[in-house]
Amino acid sequence: MAQMTVSFYGHVRQYHNLKKEIDAAISQVLDSGQYVLGPALRRFEEELAEYFSLKHAVGVNSGTDALWLAFMALGIGPGDEVITVANTFFATAEAIWIAGAKPVFVDTDPLTNNIDVTKIEQAITPRTKAIVPVHLYGQPADMTAVSRIARKHNLLVVEDCAQAIGAAGDSFKIGELSDAVCTSFIIQKNLGTFGDGGAVITNRDDVAERVRVLRNHGSVVRSVHSMGYNSRLDDLHAAILSVKLKHIDEWNDKRRQLAMAYTENLQDTSLKLPYEAPGYRHVYHLYVVETEPEKRSALLEFLQGAGIDAKCHYPIAIHQQEGYPWRQPADPAPSLPNTEANAAGCISLPMYPELTDAELQYTVDKIYQWEQTQG
Ligand SMILES: *Cc1c(COP(=O)(O)O)cnc(C)c1O
């Protein structure tokens, strides 16, 4: 078998496929002279809100800012505990910490790798203010159960949708059962720009209004300020995202087809393959398999040696991070066995709409080749 190079990302191919439209959108913004809080941003915000079937979308500088500004807007801060998961990108917990609150980790369901909704209630204390489910790898968490628990205990819910734009649950849409949805537009996300970006999408007028003020130095009227920050989605990025938003459903469908092809082809390996909850639309931001922890680095090295840029999401869970800054010495280490198993065994295979059938097949063939060496 001839050696190939299989990239982990497809954004350059995506740019080349849409070059004319994207270049035109960029020129239009540059010619307009309006680069910050301009018409391109307003237009994208309207399109994004409509895409989610929610009332408001507010563009900010990153997914991390979307989270912490949503927390600020909802009054989540010092003294509050926020329930989330530890097998996510660091930013989920980081944003809780930046808002001044304390992340409290609940273990995950070993099938979906999303929050184990049967373990949420035992983590609730009088200080609990909110639940932040993460729609990991592109599959929504069980929002029906999360919102039922939240209503019962009078808690806020903020969805971390950075990996799951365009996904849906069996009986719920994203954003339908929460106070706010936060998403990211960094390059590699399913809807990504050529840099950083994020948004808060919500039905709540008060939350949208507060995030709008917070992202702009606490200012509504020029020169009049309350407390805030500088976190705006630039018009250049908004214009690029408007072009790309038109393609997101088709791209997510392509990701789903590729995922199905991986899953069919890898059936006879020893790998644990992604699980799709019945009736859910998983949009495969990542296609993550799990291997035995002691074999993980060997398999990764084998794939990388074969030219396949496989990665891990996430090999060190947040509570295992040395730099985990919010854990007091007196706090007991949380018990998160499923989270830790996921961290120890996960491998992400190349997954993006521009991945070719030949690249997918080559990756599958290399995995079989490696399995044969394992006896
Ligand atoms: C990417 C990501 C974020 C952070 O988004 P940035 O735009 O990089 O700040 C937050 N949560 C999850 C789950 C992510 O994947």
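Presented here is an overview of the structure given in this document. (Residues numbered from 1 in each chain as written. Predicted model: local features only at pLDDT ≥ 70, side-chain atom pairs only at ≥ 80, totals over all residues. Heavy atoms only, no water.)

Here we come to the overall build of the protein chain. Assigned secondary structure in the protein chain consists of twelve helices and nine strands. Based on the C-alpha atoms only, the size of the protein chain along its principal axes is roughly 70 × 55 × 40 Å. Looking at the protein chain residue by residue over its 375 residues, the buried ones come to 55%. Taking all contacts inside the protein chain whose residues are at least 6 apart in sequence as the whole, residues at least 24 apart take part in 72%. When the accessible surface of the protein chain is totalled, it reaches about 16100 Å², and 52% of it is carbon and sulfur. Taking the average place of the 33 positive charges on the side chains of the protein chain and the average place of its 46 negative ones, the gap between the two points comes to 4 Å. (Helix = DSSP H or I, 4+ residues; strand = E, 2+ residues; numbered from the N terminus. Buried < 20%, exposed > 50% of the residue type's maximum accessible area, 1.4 Å probe, protein only. Contact = heavy atoms within 4.5 Å. Areas by Shrake-Rupley, 256 points an atom, 1.4 Å probe, with all protein chains shown as cover. Lys, Arg positive; Asp, Glu negative; His and termini not counted. Charge placed at Lys NZ, Arg CZ, Asp CG, Glu CD.)

Turning our eyes to something else, we now look at the packing of aromatic side chains. Enumeration according to the criterion identifies nine aromatic pairs in this entry. Each ring, one from Tyr262 and one from Tyr287, has its centre 4.7 Å from the other, and the planes form 25°; the classification is stacked. Of this pair, Tyr262 sits in helix α9 (residues 248-266) while Tyr287 sits in strand β8 (residues 287-290), and the two are 25 residues apart along the sequence. Grouping aromatic residues by their ring pairs yields a cluster made of Tyr262, Tyr284 and Tyr287. (Phe/Tyr/Trp six-rings, centres within 6.5 Å; stacked < 30°, edge-to-face > 60°.)

Taken as a whole, the largest pocket spans an internal volume of roughly 520 Å³. For the largest pocket, the lining is made up of 34 residues, of which Ser184, Ile186, Gln188, Lys189 and His285 are closest to its centre. The element contributing the most residues to the lining of the largest pocket is helix α4 (residues 63-73), with three residues. Broken down by class, the residue content of the lining of the largest pocket amounts to 14 nonpolar, 15 polar and five charged. By volume, the second largest pocket amounts to about 420 Å³. With four residues, the top contributor of residues to the lining of the second largest pocket is strand β3 (residues 102-105). Residue composition of the lining of the second largest pocket, by class: eleven nonpolar, three polar and six charged. (1 Å grid on protein atoms, 1.4 Å probe; cavity = no way out; pocket = protein on both sides within 12 Å on 5 of 7 lines; lining within 4 Å. Points joined across faces, edges and corners; volume = space filled by probe spheres on them. Nonpolar A, V, L, I, M, F, W, Y, C, P; charged D, E, K, R; others polar.)

Attention now moves to the pattern of salt bridges. Following the criterion strictly, the structure yields 19 salt bridges and no others. Between Lys272 and Glu290 there is a salt bridge, and its shortest N-O distance comes to 3.7 Å. Of the two residues, Lys272 is situated in the loop between α9 and β8 and Glu290 in strand β8; the sequence distance between them amounts to 18 residues. Judged by relative accessible area, which is 35%, Lys272 ranks as partly exposed. Among the residues examined, Glu290 registers a relative accessible area of 11% and is labelled buried. (Salt bridge = Lys/Arg side-chain N within 4 Å of Asp/Glu carboxyl O.)

Mapped onto the elements of the fold, Gln28 is located in helix α2 (residues 19-32). Under the relative-accessibility criterion, Gln28 is labelled exposed at 57%. For the pair Gln28 and Ala239, spaced 211 residues apart in the sequence, the C-alpha separation amounts to 8.7 Å.

Another aspect to go through is empty space enclosed by the protein. In total, this model carries one cavity of 30 Å³ or more according to the counting rule given. Space inside the largest cavity adds up to approximately 120 Å³. As for the largest cavity, its lining consists of 16 residues, and the residues nearest its centre are Asn113, Tyr137, Pro274, Tyr275 and Val288. In terms of residue class, the lining of the largest cavity is built from ten nonpolar, four polar and two charged.

This paragraph deals with the packing of helix α3 (residues 39-52) against helix α8 (residues 235-245). In the contact formed by α3 and α8, the axes pass within 8 Å of each other and the chain directions differ by 40°. Between α3 and α8, the interaxial angle falls into the category oblique. Crossing hand, α3 versus α8: left-handed. For the pair α3 and α8, the contacting residues are Pro39, Ala40, Leu41, Arg43, Phe44, Glu47, Leu48 and Tyr51 in the first and Asp235, Ala238, Ala239, Leu241, Ser242 and Leu245 in the second. Split by residue class, the contact of α3 with α8 holds ten nonpolar, one polar and three charged. (Axes fitted to C-alpha atoms, helices over the stretch in contact; angles between N-to-C directions. Parallel < 35°, antiparallel > 145°, perpendicular 65-115°, else oblique. Left-handed = near helix turned anticlockwise from the far one by under 90°.)

The residue Glu159 is located in strand β5 (residues 156-160) in this model. Arg151 provides the closest opposite charge to the buried, unpaired Glu159, separated from it by 11 Å. Polar contacts involving the side chain of Glu159 include one to the main-chain amide nitrogen of Gly175, which spans 2.9 Å. For Glu159, the contacting residues outside a window of four places in its chain are Pro133, His135, Met143, Ile174, Gly175, Glu176, Ser178, Ala180, Val181 and Cys182. (Polar contact = N/O pair within 3.5 Å; in protein donor to acceptor, adjacent residues only side chain to side chain.)

This paragraph deals with the sheet that holds strand β7 (residues 198-202). Strands sit in the order β1-β7-β6-β5-β4-β2-β3 across an open sheet of seven strands; the sheet is mixed. The open sheet has two edge strands, β1 (56-60) and β3, and neither has a second partner. Pairwise comparison of adjacent strand axes, ignoring direction, gives a mean angle of 25° for this sheet. Direction of pairing for strand β6 (residues 180-184) relative to β7: antiparallel, over a ladder of four bridges. (Pairing = 2+ DSSP bridges.)

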